[in-house]
Amino acid sequence: MNPWKLGALVMAGVLVTVPAFAQFDLTGKWASRSGQDAMERGPGPDPVDYLGLPLNDEGRARALSYDYSLMSLPEGQCGYHTPFYIVLGPFGLHMWNEFDPVTGRLVAWKIGAWVDKDIQTIWMDGRPHPSPNAPRTYGGFTTGRWEGDTLITTTTHMKSTTIRRNGAPVSDHATMTMYMVRHGDLLTIRAVMDDPVYFSEPLVRSRVWALDPRGNLNLGNGVASPCEPIAELPRLDIAGLVPHHLPGQNPFVNELTQMYNIPVEAVLGGAETLYPEYRKKLTGYVPPAMCKRYCGCGGLGVPCIEDGSGVPR
Amino acid sequence: MTRRASRSLAAELLGLTAMALTVVWSSGLEAQGRGGQGRAGDGTSATAKAAAPIDLTGYWVSVVTQDWRWRMVTPAKGDYASIPITASAKKVGDGWDPAKDEAAGEPCKSYGAPALMAVPTRLRITWRDENTLQVETDAGTQTRQFHFGNWKPQRGSATWQGDSIAEWERPRPARGVSPKGGSLKVVTTHLRPGYLRKNGVPYSAGVVLTEYWDVSTERNGDQWITITSTVEDARYLREPWVTALNFKNERDGAKWDLTPCLAR
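Just so it is clear, the model here is predicted, and its values are computed rather than measured.

**Some words on the overall build of chain B**
Looking only at helices and strands, chain B features five helices and 13 strands. Burial status across chain B gives 46% buried among its 264 residues. Expressed as a percentage of contacts within chain B between residues at least 6 apart in sequence, the contacts between residues at least 24 apart total 62%.

**Thoughts on the pairing of strand β1 (residues 28–32) of chain A**
Residues and elements named next belong to chain A. The pairing of β1 with strand β2 (residues 93–99) spans three bridges and is classified as antiparallel. Bridging from a neighbouring strand, K29 pairs with H94 of β2. The pairing of β1 with strand β11 (residues 203–211) spans three bridges and is classified as antiparallel. Counted as the bridge partner of S32 is W209 from β11.

**Thoughts on helix α3 (residues 87–94) of chain B**
All names here are of chain B. All of the buried residues along α3 are A89, K90 and G93. Along α3, the residues classed as buried sweep out an arc of 100 degrees about the axis, all on the same side. Packing partners of the buried residues in α3 comprise β10 (201–203).

**Points about the sheet that holds strand β4 (residues 120–123) of chain A**
Backbone hydrogen bonds hold the strands of a sheet together, and the pairing may be parallel or antiparallel. Residues and elements named next belong to chain A. A barrel is described by the order of its strands in space; here nine strands give the closed sequence β1-β2-β3-β4-β5-β6-β9-β10-β11, paired in mixed fashion. Strand-to-strand, the axes of this sheet are offset by a mean angle of 30 degrees, without reference to chain direction. With seven bridges joining them, strand β5 (residues 141–147) and strand β6 (residues 150–156) adopt antiparallel strand pairing. Note that in β6 the partner of W146 across the bridge is L151.

**Observations concerning the nonpolar core**
Counting 115 residues, the largest nonpolar core has Y50(A), F84(A), A191(A), M193(A), V267(A) and I225(B) as the members making the most contacts within it. By residue number, the principal contributor to this core is strand β10 (residues 186–194) of chain A, which donates six residues. If sequence neighbours within four positions are ignored, V267(A) has contacts with V48(A), D49(A), Y50(A), L51(A), L256(A), T257(A) and I262(A).

**Considering the environment of D185(A)**
Residue and element names in this part refer to chain A. With respect to the element layout, D185 can be found in the loop between β9 (175–183) and β10. D185 sits 124 residues away from A61 along the chain, and the two C-alpha atoms are 42 Å apart. Not counting the four nearest positions on each side in its chain, D185 is found in contact with A210 and L211.

**Observations concerning the sheet that holds strand β12 (residues 223–232) of chain B**
What the nine strands build is a closed barrel, ordered β3-β4-β5-β6-β7-β8-β11-β12-β13 (chain B); its pairing is mixed. For this sheet, the mean inter-axis angle between neighbouring strands, taken without regard to orientation, is 30 degrees.

**Brief notes about unusual backbone geometry**
We note that D67(B) has phi near 55 degrees; this positive angle belongs to a residue other than glycine. Its location among the elements puts D67(B) in the loop between β3 (58–62) and α2 (68–71).

**Re the confidence of the model for chain A**
Averaged over every residue, the pLDDT of chain A is 86; the share at 70 or more is 84%. Note on residues 13–22 of chain A: pLDDT is under 50 here. Beyond four places in sequence and across chains, it has 24 contacts.

**Comments concerning the environment of N261(A)**
Along the polypeptide, N261(A) turns up in the loop between α5 (255–260) and α6 (264–267). Excluding residues within four positions of it along the chain, N261(A) makes contact with Y285(A), V286(A), P287(A) and P288(A).

**Considering the domain arrangement of chain A**
Residues and elements named next belong to chain A. Annotation of chain A at the domain level lists domain 1 (19–282) and domain 2 (287–313). Listed per partner, the contact involves five residues of domain 1 and four residues of domain 2. Partitioned by chemical class, the residues of the side of domain 1 that touches domain 2 number four nonpolar, one polar and no charged.

**Considerations on the pairing of β11(A)**
Residue and element names in this part refer to chain A. For β11, the buried fraction is high: seven of the nine residues fall into the buried class. In the sheet, β10 pairs with β11 via eight bridges, with the strands oriented antiparallel. Its bridge partner being in β11, R190 is matched across the sheet by S206.

**As for the environment of L237(B)**
Residues and elements named next belong to chain B. Topologically, L237 is positioned in the loop between β12 and β13 (241–250). Given 22 C-beta atoms within a 10 Å radius, L237 is considered buried. Separated by 20 residues in sequence, L237 and D257 have C-alpha atoms that sit 33 Å apart. Every residue in contact with L237, bar those within four places of it in the chain, is listed here: P84, I85, T86, V231 and E232.

**Examining the confidence of the model for chain B**
All names here are of chain B. On average, residues of chain B score 87 in pLDDT, and 83% of them reach the 70 mark or higher. Below pLDDT 50 for its whole length, residues 1–5 participates in one contact with residues either more than four positions away or in separate chains. In the model output, the complex is listed with pTM 0.88 alongside ipTM 0.88.

**Quick notes on helix α3 (residues 57–65) of chain A**
Residue and element names in this part refer to chain A. Of all the positions in α3, only G59, A63 and L64 are classed as buried. The buried residues of α3 occupy an angular sector of 130 degrees when projected down its axis, which confines them to one face. Here the buried face of α3 lies against β8 (169–170).

What counts and how
Residue indices begin from 1 for each chain and proceed along its sequence in written order. Chain letters start at A and ligand numbers start at 1, both assigned in the order the entries are written. It should be noted that, the model being predicted, local features are given only for residues of pLDDT at least 70 and side-chain atom pairs only at 80 or more, the latter also being counted only at that level, while totals for whole chains, interfaces and linings use all residues. Counting from the N terminus, the helices are DSSP H or I runs at least four residues long and the strands are E runs at least two residues long. Counts of 20 or more other C-beta atoms within 10 Å of a residue's own C-beta define buried residues, counts of 12 or fewer define exposed ones, and intermediate counts define partly exposed ones; C-beta atoms are placed from the backbone. Here the contact rule is simple: place C-beta atoms from the backbone, and any two residues whose C-beta atoms are within 7 Å are in contact. Each pair of strands is called paired provided DSSP finds at least two bridges between the two strands. Here the arc refers to the set of directions running from the helix axis out to each C-beta atom. Geometry is summarised by axes, namely lines fitted to C-alpha atoms with helices restricted to the contacting stretch, and by angles between N-to-C directions that run from 0 to 180 degrees. The nonpolar core criterion groups buried Ala, Val, Leu, Ile, Met, Phe, Trp, Tyr and Cys residues into a set whenever they are joined through C-beta atoms within 7 Å. Per residue, pLDDT measures the predictor's confidence, with a range of 0 to 100. The source of the domain bounds is an automatic or database domain assignment. We call Asp, Glu, Lys and Arg charged. Ala, Val, Leu, Ile, Met, Phe, Trp, Tyr, Cys and Pro are nonpolar, and the rest, Gly among them, are polar.

Laid out in structure tokens, this is it:
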């Protein structure tokens, strides 16, 4: 073959293998670094705490009907969170990529599982999303594309589940978009959950991780744990019993108001409560005199007050 | 093919491959270029404003979907959730007295740069001059100035908003084409000691704030700024305090509402 032709082929081959526009490497173990949402990521939110959620009336009604015993139903014991849990949960991220063995092109990014979240596959090969009528899964179906140095993903076909660990809902009509951007060894993910059924505007949350070359981080088992439903509560053996609270009968509605002096209208969420001007409706608010639970003093060698008693233990 | 011809072909191929790799490698090197200002198409130095890879100007509003109970209202004294404080910080925080701050004429202690972006507020972002980006907040009526290029801080007392050095970060070009987008990196020092949170969680004069500002556009057309922020303070933080905060673009300043600093 003419050497110039061969050379052109070599050149073309080299250029083809150059990564597509402005990608950065996501592979590795990423340790959670977010100094936000400690209570939500740690002990969990209070039963009726919808602060910061853009719930509409339907979403609020369904949230208030939630009873934690639902998780003890056989069909509730093996439920996973949607990938939105990435920006809600406490865990680190394990990320890797998969290539086509013949062309060498990137096929997908993978985000590893946690004990209660499945592996998320982000398809990068241009395949379409399934039909709107296709079955839903907890993990849904995700595609991705690069825009500059940002990986933008779109997830559809997720099952209806909770957006907060106290039963605040998200429907199976929701679409999730994630924006992943890396600055040095920091990875920031902004996730947007757009749910036309239960939200009056999209829910936006962000979280940050730091690359951890030692890979010694909490991945919540790092695998989607096998699950075998068992009888957990005798009262749930009665066929057809579904734990719930009837409208107007949730016993925890006023709990946050009693503990933190926050008006119940704010506790129940809604888009209006997310914006600075809502603070004008909180003029009567007076903070509690002293923090009595989950005060964040762990790790200092200083006893924490976590049981509401006001006494350090 | 003779052995000599074969060697010659191999050498040519090697040369071509090296040339190809050089082209690719050099585009990568160019890609990693960072700088406060920029380079115009004719090779001359452009101002930061002209070289901006993203447009941050306009009105933006905090959307408080995270830490609502710690941001929209003042949390109880002694509530340090989410902040990796040291024991000495706890000692200071346990002694928080907003009446004392008011009496001392210091109601702005929780509006310093390390705390300001977490305050529920609107931002008005403008170019003060060709190399200075200005960020104003209506909550607390504060002004931050991000200086690009060879700006040198003036000597003087530390301030609530400190001295901020800014630079653009651009995506790496590939195949000779520069992709759109980029980020703003801002490092802020020389800060007057204040509070990371309204309930008196302290930061010291040695604090360093590093921020990355990114812009993204959603499916519905809304534009958002996400600020990835790292606060380092050897005295009051056990480890860097890392957060990410979100602001949504607003069409105009109709809801801009200047309010003074509040100590409680």
